[in-house]
Amino acid sequence: MSTNPEFTQINPLFARPGEDSRAPRHTLAAGPMGPETAYQIIHDEIMLDGNSRLNLATFVGTWMDDYARRLYAESFDKNMIDKDEYPQTAAIEDYCWHIIADLWHAPEPRSTIGTSTIGSSEACMLGGLAFKRRWQQSRRAAGLSTDKPNLVMSSAVQVCWEKFCNYWEVEARLVPVTDEHPCLDGNDLAAYVDENTIGVVAIMGVTYTGIYEPVQEIAAALDAIQAATGLDVPIHVDAASGGMVAPFLQPELVWDFRLERVHSISTSAHKYGLVYPGLGWVVWRSLDLMPEELVFNVSYLGGDMPTLALNFSRPGAQVLLQYFLFLRLGFEGYRLVQQTSQNVALFLSSAIAEHGAFTLISDGSDIPVFAWSLKPGHTDKWNLYHLSDRLRARGWLVPAYPMPDNLSDQTVQRIVVRNGLSLDLASRLLTAITEETAYLDRLEGAMPAEKHHPGFTH
């Protein structure tokens, strides 16, 4: 037997080198340690994380069944970009976005174009880039300047759109949300659109509240602007959450490629697409709306392939998980999963609405997400940040945060109901909210007014 205690099997795990001292944090250790020791160190550290199933701040999926996990383990070494080596994975990617194009009522789903992405943020970037390039092409053809492009959107957009405008030098024209207009609804749109507008972003599932922006009304407002000015401004629908909810729960709602002005739609497969983190999709209404210059034909690992995404090497496993779900659930299965999540959201929001301390802002009848505020005059002893902290101590992550712009003086809390939050767990959450609110209401003095860090996750 070796005299090195690292390899002395009778040595208790937590007394072995590596466990009996602090692991290096910022430099590489001089030598190796046993795999079981390295595993245990990291395993123990991530116990300090929250329980992902109780994280009601995030939209990102936290549960898949055992068959999905098995498929994931069999395919996490596949590189999505290497289509020559993994041609069937590449074919499955095509199956998926064609299925999504059909789900979103593309006029010719089999002859349009789309791609998988790392997430909906990359998908949004591609949609915005297509807008900018088409606008530039049109302006150059007319002999006009391409110096000052702008993109019009609600001030409640996800930060990826602000990043897009920053990275690609596009002016972000943010339409403020107000009590009267809590989302972009086409009102006063003419004040923001001009000849330099490359497009308008409409959100199917506003991050702050979960409500849908009325894409059909936005399109109608742009139709009126075109009739008055001749400006033909397209729409990109950021359907990060709603793109995989509305087709199943609100099939009569017209928001997708049934509107001719909608040029592209993006979604996050790792949200209500039900896949583990790391996958998004973007689809264009028709092939001509994707500028050819954004599609690259590259030689890689022995094969030639077109590539559309911003990232190059990226995981192929999540694409396979998406196709697994399409096969596993079908339309009716997706409808049932999303309906169950919405039923839980409505159960929770109705109880919050009946609670004397709160005012409901949205109820989860669009995507299964709802928000509430503290009823004016209810208390001067505590606020929703304090309630969020109390719930966190019980394992529940229920974020509190300020609304944007003109509503920034209003603090709300939000719950995202995802697949995996059962009605039974939801009832436990309600008990926790009721008990912690009662605790705060019994306070004789005000809670400390230290600076709170809003919990906000898309």
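- As annotated in an unreviewed UniProt entry, the protein carries the name Glutamate decarboxylase and comes from Cryobacterium zongtaii.
- Among the UniProt annotations of the protein, the heading Sequence similarities (unreviewed entry) holds the following wording: "Belongs to the group II decarboxylase family."

## Some thoughts on the sheet that holds strand E4 (residues 197–203)
In step 1: Ordered by their spatial adjacency, 7 strands build an open sheet running E1-E7-E6-E5-E4-E2-E3, and the pairing between neighbours is mixed. One side of each edge strand has no neighbouring strand; the edge strands of this open sheet are strand E1 (114–117) and strand E3 (171–175). Pairs of neighbouring strands in the sheet enclose a mean axial angle of 20°, with direction left out of account.
In step 2: Sheet topology note: the strand E2 (residues 150–154)/E3 ladder contains 5 bridges and is parallel.

## Observations regarding the UniProt feature "modified residue: N6-(pyridoxal phosphate)lysine" (unreviewed entry) in the protein
In step 1: The feature "modified residue: N6-(pyridoxal phosphate)lysine" (unreviewed entry), as given by UniProt, occupies Lys271 in the numbering adopted here.
In step 2: Relative to the helices and strands, lysine 271 is located in the loop between strand E6 (262–268) and strand E7 (280–284).

## With respect to the layout of surface pockets
In step 1: Counted as a void, the largest pocket has a volume near 380 Å³.
In step 2: Elements with a contribution of two residues or more to the lining of the largest pocket: helix H4 (120–141) and E4.
In step 3: The element best represented in the lining of the largest pocket is H4, accounting for 5 residues.
In step 4: Within the lining of the largest pocket, the residues separate by chemical class into 8 nonpolar, 4 polar and 5 charged.
In step 5: Of the pockets and cavities examined, the second largest pocket occupies roughly 250 Å³.
In step 6: Taken together, 15 residues make up the lining of the second largest pocket; nearest its centre are Lys83, Asp94, Gly114, Pro306 and Leu308.
In step 7: Counting only elements with at least two residues in the lining of the second largest pocket, the list comes to helix H3 (87–103), E1 and strand E9 (303–307).
In step 8: Sort the elements by how many residues they give to the lining of the second largest pocket and H3 lands first, with 4 residues.

## Quick look at the packing of aromatic side chains
Each aromatic ring pair is specified by the distance between its two centres and by the angle formed by the two planes.
In step 1: For the structure on display, the rule yields 12 aromatic pairs.
In step 2: Aromatic side chains tryptophan 161 and phenylalanine 164 sit 6.1 Å apart centroid to centroid with 75° between the ring planes, which places their arrangement in the edge-to-face category. Here the residue tryptophan 161 and the residue phenylalanine 164 both occupy positions in helix H5 (residues 159–167), the gap between them amounting to 3 residues, near one helical turn.
In step 3: On the basis of relative accessible area, phenylalanine 164 is assigned to the buried category, the value being 0%.

## Re the side chain of serine 268
In step 1: Secondary-structure assignment places serine 268 in strand E6.
In step 2: A polar side-chain atom of serine 268 sits 3.1 Å from a polar atom in the side chain of histidine 270.
In step 3: Residues in contact with serine 268, not counting those within four places in the same chain, are Ser120, Ala239, Ala240, Gly273, Leu279 and Gly280.

## A look at the pattern of salt bridges
In step 1: All told, the structure shown has 16 salt bridges when counted by the stated rule.
In step 2: A salt bridge links arginine 25 to glutamate 45; its shortest N-O distance comes to 3.1 Å. You can see arginine 25 sitting in the segment before helix H1 (35–45) and its partner glutamate 45 sitting in helix H1, a full 20 residues away along the chain.
In step 3: Here glutamate 436 ties to arginine 390 by a salt bridge, and the two come within 2.7 Å at their closest N and O atoms. One end of the pair, glutamate 436, is in helix H10 (residues 423–441); the other, arginine 390, is in helix H9 (residues 384–393), and 46 residues separate them in sequence.
In step 4: Judged by its relative accessible area of 6%, glutamate 436 is buried.
In step 5: We classify arginine 390 as partly exposed; its relative accessible area is 27%.
In step 6: Among the charged side chains, a salt-bridge network with shared partners connects Arg390, Arg394, Glu435 and Glu436.

## Things to note about H3
In step 1: When the terminal C-alpha atoms of H3 are compared, their 24 Å separation across 17 residues agrees well with the 24 Å that a helix rising 1.5 Å per residue should span.
In step 2: Within the span of H3, buried status applies to Thr89, Ala90, Ala91, Ile92, Glu93, Cys96, Trp97, His98, Ile100, Ala101 and Leu103.
In step 3: On its buried face, H3 sits against E1, helix H7 (246–249), E7 and helix H8 (317–354).
In step 4: Once H3 finishes, histidine 105 follows within two positions and takes phi at roughly 60°, a positive value.

## Things to note about the domain arrangement of the protein
In step 1: Looking at the assigned domains, one finds that the protein contains domain 1 (13–48), domain 2 (69–327) and domain 3 (332–442).
In step 2: Summarising the inter-unit geometry, the C-alpha centres of domain 1 and domain 3 are found 39 Å apart.

## Comments concerning the sheet that holds strand E10 (residues 358–363)
In step 1: A sheet is described by the order of its strands in space; here 4 strands give the open sequence E10-E11-E13-E12, paired in antiparallel fashion. On the outer flanks of this sheet lie E10 and strand E12 (400–402), each paired with one strand and no other. Neighbour-to-neighbour, the strand axes of the sheet open up by a mean angle of 35°, direction not taken into account.
In step 2: Strand direction decides the pairing type here: strand E11 (residues 369–374) and strand E13 (residues 411–416), joined by 5 bridges, are antiparallel. Opposite phenylalanine 370, over in E13, you have isoleucine 415 as the bridge partner.
In step 3: Where H8 meets the sheet, it contacts E10, E11 and E13, and its direction lies at approximately 155° from that of E10.

## Notes on the packing of H3 against H8
In step 1: Following both chains from N to C, one finds H3 and H8 inclined at 50°, their axes separated by 9 Å at the closest point. Considering their axes alone, H3 and H8 lie oblique with respect to each other. Where H3 crosses over H8, the two elements pack in a sense that is left-handed. Across from Thr89, Ile92, Glu93, Tyr95, Cys96, Ile99, Ile100 and Leu103 in H3, the residues of H8 making contact are Val319, Leu320, Gln322, Tyr323, Phe326 and Phe331.

Conventions adopted
- Residues numbered from 1 in each chain as written.
- Predicted model: local features only at pLDDT ≥ 70, side-chain atom pairs only at ≥ 80, totals over all residues.
- Heavy atoms only, no water.
- UniProt positions renumbered as here; feature names shortened; annotations may be inferred.
- Pairing = 2+ DSSP bridges.
- Helix = DSSP H or I, 4+ residues; strand = E, 2+ residues; numbered from the N terminus.
- Axes fitted to C-alpha atoms, helices over the stretch in contact; angles between N-to-C directions.
- 1 Å grid on protein atoms, 1.4 Å probe; cavity = no way out; pocket = protein on both sides within 12 Å on 5 of 7 lines; lining within 4 Å.
- Points joined across faces, edges and corners; volume = space filled by probe spheres on them.
- Nonpolar A, V, L, I, M, F, W, Y, C, P; charged D, E, K, R; others polar.
- Phe/Tyr/Trp six-rings, centres within 6.5 Å; stacked < 30°, edge-to-face > 60°.
- Buried < 20%, exposed > 50% of the residue type's maximum accessible area, 1.4 Å probe, protein only.
- Polar contact = N/O pair within 3.5 Å; in protein donor to acceptor, adjacent residues only side chain to side chain.
- Contact = heavy atoms within 4.5 Å.
- Salt bridge = Lys/Arg side-chain N within 4 Å of Asp/Glu carboxyl O.
- Expected span 1.5 Å × (residues − 1).
- Domains from an automatic or database assignment.
- Parallel < 35°, antiparallel > 145°, perpendicular 65-115°, else oblique.
- Left-handed = near helix turned anticlockwise from the far one by under 90°.

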